[in-house]
Amino acid sequence: MKKVLMGNHAVAYGVLLARVGVISAYPITPQTTIVEKLSDLCARGELNAKLIDVESEHSAMAGCIGASAAGVRTFTATSSQGLALMHELLHWAAGARLPIVMANVNRAMGPPWNIWTDQNDSLSQRDTGWMQFYCESNQEVLDTVIQAFKISEKVLLPSMILLDGFFLSHTSEPVDIPDQEKVDSYLPEYKPKYKLDVKFPLSFGNLTDENYYYELRYKMQEAMEKAKNIATEVDAEFLSTFGRSYGIVESYRCDNADLITVTSGTISSTTRVVIDKLRDKGKKIGMLKIKMFRPFPVEDVRMALENAKKVAVIDRNISFGNGGIFCQEVKSAMYNTGNHIPVFGYIAGLGGRDVTPMVIEDIIDFTMRHDRPGDDIHWVGLKI
Amino acid sequence: MPYLAVSLANTEANLTGNWRSVRPVYKNKVPPCKNACPAGEDIPLYLALISKKRFKEAWKRIIESNPFPGVCGRVCYHPCERECLRGKFDKEISIHSIERLAADYAHSHSRKDNKKRQRKGQGKKGKKVAIIGAGPAGLTCAYFLSKMGYRVIIFEASSATGGMLRQGIPEYRLPKKILDKEIEYILDLGIKVKNNTRIGTDIDIEDIRRNYNAIFIATGAHKNRKLLIPGEDNSHRIIPGLDFLKGQNSGHNKETGERVAIIGGGNTAIDIARSVLRQGTKPMLIYRRSREEMPAIEEEIHQAENEGIIFHYLTSPTDIIMDEEGKKINLGCIRMKQGEPDKTGRRAPAAIKGSNFIIEADSMISAIGEDPDLSFLPADIKTNKMGILIDANNATTLEGVFAGGDAAGEPRSVISAIGSGKRGAYSIDRYLKGVKSEEISKPSIVQYEDLNLDYFEKGKWNEPLKLSVEDRINDYKEVNKGFSAEMGITEASRCFSCGICNMCDNCLIFCPDITVVRKKKGYEINYDYCKGCLICVEECPRSAMTSIEEIK
Amino acid sequence: MENHIRSGEGALSHGYTSCAGCGAALAMRYTLEVLGKETIVVIAAGCWSVIAGPFPYSALNIPVFHTAFETAASVAAGVKAGLMKQGDTNTHVLAWAGDGGTFDIGMQALSGVVERNEDIIYVCYDNEAYMNTGIQRSSSTPWGAWTTTTPGDCTKARPKKNMVEILAAHRIPYAATASIAYPHDLMEKVRKAKEKNGTRFIHIFTPCPAGWKSHPEHTIRLARLGVETRIFPLYEVEGGIIYRINRIPKGIPVIEYLKLQGRFRHLLERDVEYIQRNVDAEWERLQEKVRE
């Protein structure tokens, strides 16, 4: 069934179809309409979930942790400051190996106050042990919610689905809502190996010394590594079930490309338009969209970029004191291949600044005109 | 290894007992009351039984250490109560009243078939013991020996049993039927009594030695001490105290006239004063020290005062002059003052010069003490000023001959005589078995500071019942009535049970490490996990837990 | 004393690593004695994070979730929601936190849970400072107490926060204070809590020999004196309104309590008088609440 949905409602429908058991959430712009829609779906009895209207994002994640540990499928949504407030418990959820799924509407961090999109909120949570999936469209958002539960419940790590504030969250697009029966067969009921159960009492998270902690962390990394293949399989299965697929990365018109731009989120859509236009002019330019940021799909990135002569990474984020975070990740993925393609790093669109086709053309133009990046960071359209 | 930190086992492999530097030990201690009791009665144990309305069991418990609970519940000077730690808290327990209650209950609920069962065991050991004197010491010794299985015979000079209990204590204080019951119970064990058999006169001690494996001499102290003042032997109106009491107890009251002067300050003096009062006379008691120093039981003095007996304290007789008709006594007296304390700390009285005066009386009874008559003893049983010389095991200087009670210079009290008889019995048993007496380590006696008083509420206590003065001074009805069953139960419930675990569970409840385990009798500590916090020691209300250093 | 306390073999295994004389260990023991094995416990950071035993061991024979410092209430609410979703209405969910996790860092989450009236039992084991981290002051630390962060002449200058009052203001269905020195009162309160619905809060006074600088054997004595001096009266509040004092304290002078603890060793006579006045005034206020 097709419906015109804004991104936040696409999230909510994904949660509905995934038959989530407990939702624990706290409102924050631009995430609020997710919680409102879910409350509405629960109130109307369409979604049979326990909804906990907590007093903070910290408690939102705590509620998810408790419910997930009790053995039910659990969801929350947040954004920006809210995600930052959750930070401690993001570690806790991942360390406890709980397959919680969260939607984070990417929004800039304050101060100053800014409610528009950038990725610094979610990328600041890079090392918490959460998988991260950056989405480009409302359809992808809905589909990724369903996929994320499947991936998380297989690898026992939590997932974060990222959607750009307003550009997706509040933008309406036609979205195909899959049949519930199909989703049910694709995503079976969650049956954890371990849970809080008085019939089989176990203790979780006891003080663990260096004799065991190290190995437990190895197992988390192992699960992350496994997640890449599992995500690919889950996506393939999604394709065969629902006829749609996204890949953990997507190469767009990269054949014989001299320059490959690397993007994530809605910048990918804009870039597609620019690529199409430049290809029509005969320019050998392609795009690599990175959907899965954690685990970082090193092999897929390497393979996608191995034949490019230049790479331009567009980051809607900044790691202060270094540069764009995707750029760093791409560079580090390429380093051990010995194939040292020049990688140009561009910072764009912070705090919701529009990344227009013209901005992307400027980036491509700059990259084409230079053999080497020169500076490690390039700020696009800086008004100083 | 699991992929997450999930428990695989419980913590029992972690023996936290290794942390300990001190350990609690579950061990009953000696309560001060028991320690003070010459018979060593397990007072807290029978108090606990009484508090649970188990009167008969309480009585059985008492007679394991003392066959005379009915007697002691009435006439014992109860040193136990003086030591009772509850006395420091609010008011000491009236132990003697509870003892009396247990005994009276048992006697009024006794079953006759006891006799047969008791007699069966008699003489199993085949050895025979002769006991000389059927007073409290002799009867007690006989009782324990008989229970051990010896064949016991008692030689008694008089025609009755009970010794001083029967002859020296008036009916209003110790009814004869109570005494008879308890003696009957003892003798029912199969003990033979040969009355009217005086050693040295009717039977020779050497004969006894030949025919018996051991002898216990408990002939008491029946020789009246003299005042040693002029005129003492001049008249039948000057009566030795013990003669008076013996006469009265055998139904032959001595003629005293109306005004009776009694000399002395002990229980005998008070008994005489109160007895003659009941004959309708006006007794005056003359004592050379102050009231505080009177050796008589405080309660007895108090009752005597209430009954209207006149007390002349710090007064000492100097001479006796009879009137011409030989009916009236002019008793010369002198006022005394308290002198310097002597070696024992007791202040010696000294006469105040020129304070002489005369007390007129129709008769005079002296009750300044009695000495044992040991003229029958062979020379190789040595004596001293106090009586027969004995060691800590009651053995005399003659092989196989033991002695106890007043005759052996033991403190002049019923309970001391009983304790002495009991000790004698155990010594004789060891002697006959050829076992040496064990070194008894000094018992650990509970101190007031050892108790956790937070678990006790200060409260009310019961005063034993007694007849009013009007109801009691005209005849020999028993004055003290003791406790009703209900009073006894509430009174017994007041016992701290010092040093004696009564399974209150505090140690178990408050153990942070769940290492105290309740067993059928008492508790066990699981030292594998006990960390030695000593909360159990601290929270035991009654000091039945002790801490000791851990040996590393 | 009538005894309902077993000799172990219940929800707790031996070998847990509480210090000798630990009050918090007893609090858990008594609580679980009543709640039984149909209980899931969520333990916030604190002494009990250590006491329960290191991975791969657990002293608790019931399901346990160890969680971050401020999340006992919120995680417990999540667990309850998860159970309800699965149709489990029987299992009790117990949130277990110290005074730091309750009065300070966890107070917001607790307030949220109580306001939403989540169906959990919350127990605060109160040893009046951050003991597991080495005796730092919390908002539960009483006036005048030494801690490593209120050292020397700078002992705590503010009184202990009144947590039950705060929760009563939420109109919590049931809140009560309890002391490990009165286990039967404590257990009766847990039993009452067990039979009620909504959020139930029990504030248990648990002396700490290490942090209070007291003798381990005095743990119960101190827990008792806390009550009998009226420093920590035993009372309960139903619906945030109906107050009931469960034990009339003897009114023992506070000095008897203070003098057994090294953390109060520096107090001068006037300090003790000040504490006594405050205790008397608070007791008066509590009695007024009962009369209302």
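Notes on the structure follow. In this text, all values refer to a predicted model and were calculated from it rather than measured experimentally.

Thresholds, definitions, all that
- Throughout, a residue's number is its position along its own chain's written sequence, starting from 1.
- The lettering of chains begins at A and the numbering of ligands begins at 1, in the order of writing.
- Under the rules for a predicted model, residues below a pLDDT of 70 receive no local features and side-chain atom pairs below 80 are neither given nor counted, while totals for whole chains, interfaces and linings still include all residues.
- In computing side-chain properties, one takes all heavy atoms of the structure into account and sets aside hydrogens as well as water.
- A pair of sulfur atoms, both from cysteines and within 2.5 Å, is called a disulfide here.
- Any residue under 20% of the maximum accessible area for its type is buried, any over 50% is exposed, and the rest in between are partly exposed; the area is computed with a 1.4 Å probe on protein chains only.
- Helix axes are fitted only over the stretch in contact, all axes being lines through C-alpha atoms; the angle between N-to-C directions runs from 0 to 180 degrees.
- Working definition: helices are DSSP H or I runs of at least four residues, strands are E runs of at least two. Numbering for both runs from the N terminus.
- Reported orientations rely on four angle classes, namely roughly parallel under 35 degrees, roughly antiparallel over 145, roughly perpendicular from 65 to 115, and oblique for the rest.
- Crossings are classed by handedness, with left-handed meaning an anticlockwise turn of the near helix from the far one by less than a right angle and right-handed meaning a clockwise turn.
- Contacts were defined at the residue level, with two residues in contact if any of their heavy atoms lie within 4.5 Å.
- Two strands qualify as a pair provided DSSP detects at least 2 bridges between them.
- Expected helix span is taken as 1.5 Å per residue step, with the number of steps being one fewer than the number of residues.
- The angle separating two fitted axes, one through the seven residues that finish at a residue and one through the seven that start at it, defines the bend at that residue.
- As a working definition, buried area equals the accessible area (1.4 Å probe) given up by two parts on being put together, with both sides summed.
- Each reported salt bridge corresponds to a side-chain nitrogen of Lys or Arg within 4 Å of a carboxyl oxygen of Asp or Glu.
- We define a polar contact as two N or O atoms separated by no more than 3.5 Å, with the added condition that, inside protein, one atom must be a possible hydrogen donor and the other a possible acceptor, whereas residues neighbouring each other in sequence contribute only through side-chain atom pairs.
- All amino acids are sorted into three groups, where Ala, Val, Leu, Ile, Met, Phe, Trp, Tyr, Cys and Pro are nonpolar, Asp, Glu, Lys and Arg are charged, and the leftover types, Gly among them, are polar.
- As used in this record, nonpolar core signifies buried Ala, Val, Leu, Ile, Met, Phe, Trp, Tyr and Cys residues forming a set joined through side-chain atoms within 4.5 Å.
- Each domain's extent was defined by an automatic or database domain assignment.

Another point: the state of the cysteines. For the coordinates displayed, the defined rule picks out 0 disulfides over all chains. Cys80 of chain B carries a free sulfur, and the closest cysteine sulfur to it, the one in Cys76 of chain B, is 6.1 Å from it. Accessibility expressed as a relative area gives 8% for Cys80 of chain B, which makes it buried. Summary of cysteine pairing: Cys19 of chain C is not part of a disulfide, and the nearest cysteine sulfur, belonging to Cys22 of chain C, is at 6.3 Å.

This next bit is on the packing of helix α2 (residues 43-51) of chain B against helix α7 (residues 95-108) of chain B. Residue and element names in this part refer to chain B. The N-to-C vectors of α2 and α7 enclose an angle of 60°; their axes lie 11 Å apart at closest approach. Comparing their axes, α7 and α2 come out oblique. Taken as a pair, α2 and α7 cross one another with a handedness that is left-handed. Along its contact with α2, which presents Ile43, Tyr46, Leu47 and Ile50, the element α7 presents Ile95, Ile98, Glu99 and Ala102.

As for its placement among the helices and strands, Thr16 of chain B is situated in the loop between β1 (9-10) and β2 (22-26). Ignoring any residue separated from it by four or fewer positions in sequence, one finds Thr16 of chain B in contact with Asp528, Tyr529, Cys530 and Lys531 of chain B together with Gly15 and Tyr16 of chain C.

The subject of this paragraph is the sheet that holds strand β18 (residues 401-403) of chain B. All names here are of chain B. One open sheet holds the 5 strands; their spatial order is β5-β4-β3-β6-β18, and the pairing between them is parallel. Each edge of the sheet is formed by a strand with only one pairing partner; in this case those strands are β5 (192-194) and β18. Strand after strand, the sheet turns through a mean of 20° between neighbouring axes, direction not considered. Here strand β3 (residues 128-132) pairs with strand β6 (residues 214-217) via 4 bridges, running parallel. Counted as the bridge partner of Ala130 is Ile215 from β6. Relative to the sheet, helix α16 (residues 414-433) contacts β3, β6 and β18, its axis offset from that of β6 by approximately 165°.

Moving on: unusual backbone geometry. Residues and elements named next belong to chain A. Of note, the amide linkage connecting Thr29 to Pro30 takes the cis form, showing an omega dihedral of 0°. Looking at where Pro30 falls in the secondary structure, it is placed in the loop between β2 (22-25) and α2 (32-43). We note that Ser80 has phi near 50°; this positive angle belongs to a residue other than glycine. The topology assignment puts Ser80 in helix α4 (residues 80-95). Residue Ser80 is classed as buried on the basis of its relative accessible area, which comes to 0%. With a phi angle near 65°, Phe166 is a residue other than glycine that sits in the positive phi range. Residue placement: Phe166 occurs in the loop between β7 (159-164) and β8 (172-176).

For the rest of this paragraph, the subject is helix α6 (residues 138-155) of chain A. Residue and element names in this part refer to chain A. The end-to-end C-alpha distance of α6 is 25 Å, a good match for the 26 Å that 18 residues give at a rise of 1.5 Å each. At Thr144, α6 is bent by approximately 25°, the largest bend along its length. Counted residue by residue, α6 has 17 buried out of 18 residues, so it is predominantly covered. Phi turns positive, to about 60°, at Leu156, one or two residues after α6.

Quick look at the interface of chain C and chain A now. Listed by partner, the interface residues are 41 residues for chain C and 38 residues for chain A. Of the roughly 2900 Å² buried between chain C and chain A, counting both surfaces, carbon and sulfur atoms make up 65%. For chain C, the biggest contributors to the area lost against chain A are Phe55, Phe65 and Lys85 of chain C; these three give 23% of the whole. The interface formed by chain C and chain A contains 1 salt bridge. Note that Glu55 of chain A and Arg116 of chain C form a salt bridge whose closest N and O atoms lie 3.4 Å from each other. Where chain C packs against chain A, one counts 15 residue pairs in polar contact (both at pLDDT 80 or more). Breaking the side of chain C that touches chain A down by element, the ones donating at least two residues are β1 (39-44), α2 (47-51), β2 (57-58), β3 (64-67), α3 (72-85) and α5 (107-116) of chain C. Taken together, the residues that form the side of chain C that touches chain A break down as 20 nonpolar, 15 polar and 6 charged. Pairing of strand β9 (residues 203-204) of chain A with β3 of chain C, which is carried by 2 bridges, proceeds in the parallel orientation. When the sheet's bridge partners are listed, Ser203 of chain A is paired in β3 of chain C with Val64 of chain C.

Residue and element names in this part refer to chain B. According to the stated counting rule, one finds 84 salt bridges over all chains in the structure shown. The partner of Arg259 in a salt bridge is Asp362, and the shortest N-O contact between them spans 3.1 Å. In this pair, Arg259 is assigned in strand β9 (residues 259-263) and Asp362 in the loop between β15 (357-361) and β16 (363-366), connecting sequence segments 103 residues apart. Classification of Asp362 as buried rests on a relative accessible area of 14%. Glu307 is the partner of Arg274 in a salt bridge, and the nearest nitrogen-oxygen pair spans 2.6 Å. With Arg274 in helix α14 (residues 267-278) and Glu307 in the loop between α15 (298-306) and β11 (310-312), this pair connects stretches of sequence that are 33 residues apart. The exposure class of Glu307 is buried, given its relative accessible area of 5%.

Time to look at the pairing of strand β4 (residues 92-98) of chain C. Residue and element names in this part refer to chain C. When you tally the buried positions in β4, you get 7 out of 7 residues, the bulk of the element. Summarising the sheet, β1 and β4 pair through 5 bridges and their orientation is parallel. Within β4, the residue paired with Ile40 across the bridge is Val93. Here 5 bridges tie β4 to strand β5 (residues 121-126), and the two strands are oriented parallel to one another.

Ranked by size, the top nonpolar core spans 152 residues in total, and within it Met61 and Phe75 of chain A together with Phe65 and Phe201 of chain C carry the most contacts. Sort the elements by how many residues they give to this core and helix α8 (residues 210-242) of chain A lands first, with 9 residues. Mapping this core onto the domain boundaries places at least three of its residues in each of domain 1 (2-242) and domain 2 (249-379) of chain A. Discounting residues that sit within four places of it in the chain, Phe201 of chain C has contacts with Thr102, Leu110, Tyr122, Cys124, Met163, Val164, Leu167, Ile172, Tyr174, Ala175 and Ala176 of chain C. Among the nonpolar cores identified, the runner-up in size contains 83 residues, and Met503 and Tyr523 of chain B together with Ile121 and Ala129 of chain C belong to it.

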